[in-house]
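Now for the letters of each chain:
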Amino acid sequence: MASNRNGVQRGSAKFDRPLKPRLRPSSPSPGSALRRPTPTARNTDADLKFGYAVSLELGVKMIMNRPPIAYLLIMENSSCFDLLEEKSTHSVRALGEDQLGLVPGRVRVAVRLRPRNAEEMMADADFADCVELQPELKRLKLRRNNWDSDTYEFDEVLTEFASQKRVYEVVAKPVVESVLDGYNGTVMAYGQTGTGKTFTLGRLGEVDASDRGIMVRSMEDIFADLSPNTDSVTVSYLQLYMETLQDLLNPANDNIPIVEDPRSGDVSMPGATLVEITDQHSFLELLRVGEANRIAANTKLNTESSRSHAILMVHIKRSVLESEDIVSSQNGDVSHLTKPSKPLVRKSKLVVVDLAGSERVHKSGSEGHMLEEAKSINLSLSSLGKCINALAENNAHVPFRDSKLTRMLRDSFGGTARTSLIVTIGPSPRHRGETSSTILFGQRAMKVENMLKIKEEFDYKSLSRKLEVQLDKLIAENERQQKAFEDEVEKVNLEAQCRIAEVERNFADALEKERLKCQMEYMELVKELEQKLVLNQERLDCNSSVAENGEGPALSSVGEVTEVKLLLETERNRRKAAEEEVEHLKNQLGKHTQEQAGDAENIKLRNILEDEANQKKRLEEEIIILRSQLLQLNFEADQMRRCLDNGSSGSTFSAMDSSRHSQYKDTANGQKSSVATLFEQVGLQKILSLLESDDANVRIHAVKVVANLAAEEANQKRIVEAGGLTSLLMLLRRYEDETVRRVAAGAIANLAMNEANQELIMAEGGITLLSMTASDAEDPQTLRMVAGAIANLCGNDRILLTLRSQGGIKALLGIVRCGHPDVLSQVARGIANFAKCESRASNQGIKSGRSFLIEDGALPWIVQNANNEAAPIRRHIELALCHLAQHEVNAKDLISGGALWELVRISRDCSREDIRNLARRTLSSKCDSRKVHNMNCSFWNVSNGNLSRKTFHDRKHNVSEKENNGGADAALI
């Protein structure tokens, strides 16, 4: 009989409602079985989801633009979102699958062999194992008999000596990383009873830490990557026992319903217990509680055989910022149109399924209730096998509704989750039938293809709250500054009035003192004159009396009178001059007093005006930023409104398809018009002046606006004429902020697309600054912008020598340290452009000698990435090799560097017909029949596929030795 593992729930756990299921690409009705969608149907359902999300975002934006009171009232009424949800269904089928971010992903299957146990060592001591593993080839052989066997290939083959850490890294770690990136993921174990499924998945590792299973190790990686402040993790642990879904964390909840969304097809368990966890210790406690409540029994095949399917669900919610949008043109050039980042919420789910082992009753010895358990287990596993067979064969009908297990795993097989399956087998030949069935199950599962879909949505509520708080702060700060300014002006006025009154009083006192002084001097002079007049009168009388006696004294008296008159006239003139001088001094005193008061007041007012001008400048900068954000939000709202209008007016799918092109065109025109509107309202000179702002946020926003303007060819000439190129280069030279350097390098790359601007960039030392930025930067986006700018400059013949002499090629080769595919694509494009211009210069007789690329050491990297998995990198490298091989002076380096093999491969296997034909023409035009003979025709044997790469290199080495010994028979290509 089956026994129940009794246990209690430990610790305090936070219980929450289940996460709301997200919309899936397909939407079957509740009563019908899921059909595998055709490409057309899949696109339609994908369009439906995208339109639903877009319409919901539009609804939130429209609510955000309402007044605060109306906004709160609308947010309290959740029916508005249902209305948006219903209306959005009619306007979403005109959008393509590529906008959903769907990524194809096949189910990955690994096989793990259990070592022999004690019973098998005794019973099967005389027999060899029924399986033979070839892990280096990822194959296994299942023996039919002593002379015949079947071979199967898997994604990974794990021997009996494989550690738990290796099993986790090759099976579950890629799935966990995808879950952290926002995708759903599933890890499942399938196999016969007693082959180690529970050991692989649910081992806690309490005694030996190296025995920790996939569940424990996956949560360790999840906690290591999440931020406790912004992210959350909730866990539910269930078991499916005899077609009844039970809660292992709450044993009383033993009949949990499975609910399917009729619109999206998502499956949820609303009655399951959700526990929010914050550390690894609490998660281990939950696992102990769940394992204690899981049902197990003792059979002949396993002393502790699981009698139920265990399902661990980990729900992750992360808050991230939206990355900048980058638009690429068809010819490979990159233009950068960035818009403000928005908060995103990513909701993903990790499902770890420990299936009960399949068994045969006559081997397990099950009877009574255990027999019923075995029937239920085999029935659910059989339903799962039918669904996988239908998906592998692309059948129209997939019987997901035959079992609760298949209904729960609907998203894992044929859905949007990344799925990894590990099948466990035993070595005993007695169980060869079960081993063969398990291997065939894994082979069929490898044919199932999923379409991965990232689970994220815009957090407009958080963005709205943030903008409202910023706006309130700005309004309050403006009011405080306005009040402080008014108080300061009033204080200055009072001080000025007091000083003016004091100056007037002082002036009046000084004037009164001067008047009294002048009056006293005047009275003294009058008195002196009167005395002299009396004295002169007495002398005159005396002279008159003497004159009567003779003429001489009379003449003397007349002379003295004349002299006195002259003295009197002179004294009058002096008095008049003194009065004028006193009046002039009074005027000067008044002017000087007014000037002193006016200068002090002017200095104070000048300081106030300067402060006001600085404040006005800061406010203008903030207004520009808010205006640009407002224009962006209005633009997106208009686009959503047009999308709804077009969807509501159209009644058929064909009408929606006919309006798709016009909608995309309106989107592009609207985006350009928003930038043009900001450009017209603010002005180019004002935007360029903000590049030198002391505020880092203003400076970053300004350089982003300049980068947007530089993406339009019509604006590039005006930006260069206004000094924008010089300002961008100054930003690279002066600032070390990563965002400023990244956006400035992107703007320079946009300007470098114009040939007229390339020589200006070189003349102002742009390549030197770009090289310095490339050596200092570590951010892949910054390195990609710098590599794109240098790649654009590499396509100009006139600046080829200057670019190489200033370290442009070495800067490109230094950027490859990043290893990011987008960065390497730009580096490969620059090398291809340089090789093309260099080949053209050699053909015209302008350049002679070896290629600069070979002299600067680029050939090893070119050969290493000639067969890169990324198509853009491979295409540019193949083109560069063809151009280098067109000149015989490079032949020796190409042969010794291994480029000959890659050139032959390009002529044979390149996916681009023009590059393949160019390689063939190069090979046929440069081949010398006399010298090919000495290579034993190995060159052509390689192209025909008859010579291995090792033999080719051996013969090439022999030819190099002949050439070094003085022979003239070395092949030149």
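Residues numbered from 1 in each chain as written. Predicted model: local features only at pLDDT ≥ 70, side-chain atom pairs only at ≥ 80, totals over all residues. Heavy atoms only, no water.

Under an unreviewed UniProt entry, the protein chain has the name Kinesin-like protein and belongs to Sphenostylis stenocarpa. Here the protein chain is described in UniProt, under the heading Sequence similarities (unreviewed entry), as follows: "Belongs to the TRAFAC class myosin-kinesin ATPase superfamily. Kinesin family. Ungrouped subfamily." (UniProt positions renumbered as here; feature names shortened; annotations may be inferred.)

Tell me about the overall build of the protein chain, and name the residues and values.
A count of helices and strands for the protein chain gives 36 helices and 23 strands. Within the span of the protein chain, comprising 973 residues, buried residues form 45% of the whole. Long-range contacts, defined as pairs at least 24 residues apart, comprise 74% of the intrachain contacts of the protein chain with a sequence gap of at least 6. With the model as given, the accessible surface of the protein chain reaches about 49,400 Å², and the carbon-plus-sulfur share is 51%. (Helix = DSSP H or I, 4+ residues; strand = E, 2+ residues; numbered from the N terminus. Buried < 20%, exposed > 50% of the residue type's maximum accessible area, 1.4 Å probe, protein only. Contact = heavy atoms within 4.5 Å. Areas by Shrake-Rupley, 256 points an atom, 1.4 Å probe, with all protein chains shown as cover.)

Could you give an account of the packing of helix H20 (residues 724-734) against helix H23 (residues 766-776), naming the residues involved and the relevant values?
The description of two packed helices rests on the angle between their axes and on the distance between the axes. For the pair H20 and H23, the least separation of the axes is 10 Å and the interaxial angle reads 35°. As for how H20 packs across H23, the hand of that crossing is left-handed. Across the interface between the two elements, Leu729, Leu732 and Arg733 from H20 touch Gly766, Leu769, Leu770 and Thr773 from H23. Looking at side-chain class alone, the contact of H20 with H23 contains 4 nonpolar, 2 polar and 1 charged residues. (Axes fitted to C-alpha atoms, helices over the stretch in contact; angles between N-to-C directions. Left-handed = near helix turned anticlockwise from the far one by under 90°. Nonpolar A, V, L, I, M, F, W, Y, C, P; charged D, E, K, R; others polar.)

Describe the packing of H23 against helix H26 (residues 808-815), with residues and values.
Look at H23 against H26: their axes get within 9 Å of each other, and the N-to-C directions meet at 20°. One way to sum up the angle between H23 and H26 is to call them roughly parallel. For the element pair H23 and H26, the recorded crossing hand is left-handed. On H26, the residues touching Ile767, Ser771 and Ala774 of H23 are Gly808, Ala811 and Ile815. Its residues assigned to classes, the contact of H23 with H26 comprises 4 nonpolar, 2 polar and no charged. (Parallel < 35°, antiparallel > 145°, perpendicular 65-115°, else oblique.)

Give me the lowdown on the environment of glutamate 495, citing residues and values where you can.
With respect to the helices and strands, the residue glutamate 495 is situated in helix H13 (residues 460-547). C-alpha separation for the pair glutamate 495 and glutamate 601, spaced 106 residues apart in sequence, amounts to 9.1 Å.

Tell me what's going on with the environment of phenylalanine 154, and back it up with residues and numbers.
With respect to the helices, strands and loops of the structure, phenylalanine 154 is situated in the loop between strand E7 (149-153) and strand E8 (156-158). Spatially, the C-alpha atoms of phenylalanine 154 and isoleucine 439 are 9.4 Å apart, while their sequence positions differ by 285 residues. The residues contacting phenylalanine 154, other than those within four sequence positions of it, are Val109, Val111, Lys138, Leu140, Ile439, Gly442, Gln443 and Met446.

Account for helix H27 (residues 821-843), with residues named and values stated.
An ideal rise of 1.5 Å per residue puts 33 Å on 23 residues; H27 measures up with 33 Å between its terminal C-alpha atoms. Looking one or two residues beyond H27, the residue adopting positive phi is glycine 845, at roughly 80°. (Expected span 1.5 Å × (residues − 1).)

Please provide a residue-by-residue account of the pairing of strand E5 (residues 131-134), values included.
Within a regular strand, the side chains alternate between the two sheet faces. Bridge analysis of E5 against strand E6 (residues 139-143) gives 4 bridges, and the strand direction is antiparallel. Along E6, the bridge assignment pairs leucine 133 with leucine 140. Counted between consecutive antiparallel strands, the loop separating E5 from E6 contains 4 residues, among which lysine 138 sits at a positive phi close to 55°. (Pairing = 2+ DSSP bridges.)

Provide a residue-level description of the packing of aromatic side chains, including the pertinent values.
For the structure shown, the criterion picks out 1 aromatic pair. Consider the rings of tyrosine 190 and phenylalanine 441, whose centres lie 3.8 Å apart with planes at 10°: the pair is stacked. A residue pair is termed long-range when its members are at least 10 positions apart, and tyrosine 190 in strand E9 (residues 185-191) and phenylalanine 441 in helix H12 (residues 432-445) qualify at 251 residues. Like phenylalanine 441, tyrosine 190 is buried. (Phe/Tyr/Trp six-rings, centres within 6.5 Å; stacked < 30°, edge-to-face > 60°.)

Explain unusual backbone geometry residue by residue, including any values.
For residues other than glycine, phi is negative in most cases, and the peptide bonds are mostly trans. For glutamate 243, which is not a glycine, the phi torsion comes out positive at approximately 60°. Tracing the chain through its elements places glutamate 243 in the loop between strand E10 (232-241) and strand E11 (244-247). Overall, the relative accessible area of 28% leaves glutamate 243 in the partly exposed class. Phi angles above zero are rare outside glycine, and asparagine 394 is one such case at about 55°. The exposure class of asparagine 394 is exposed, given its relative accessible area of 54%.

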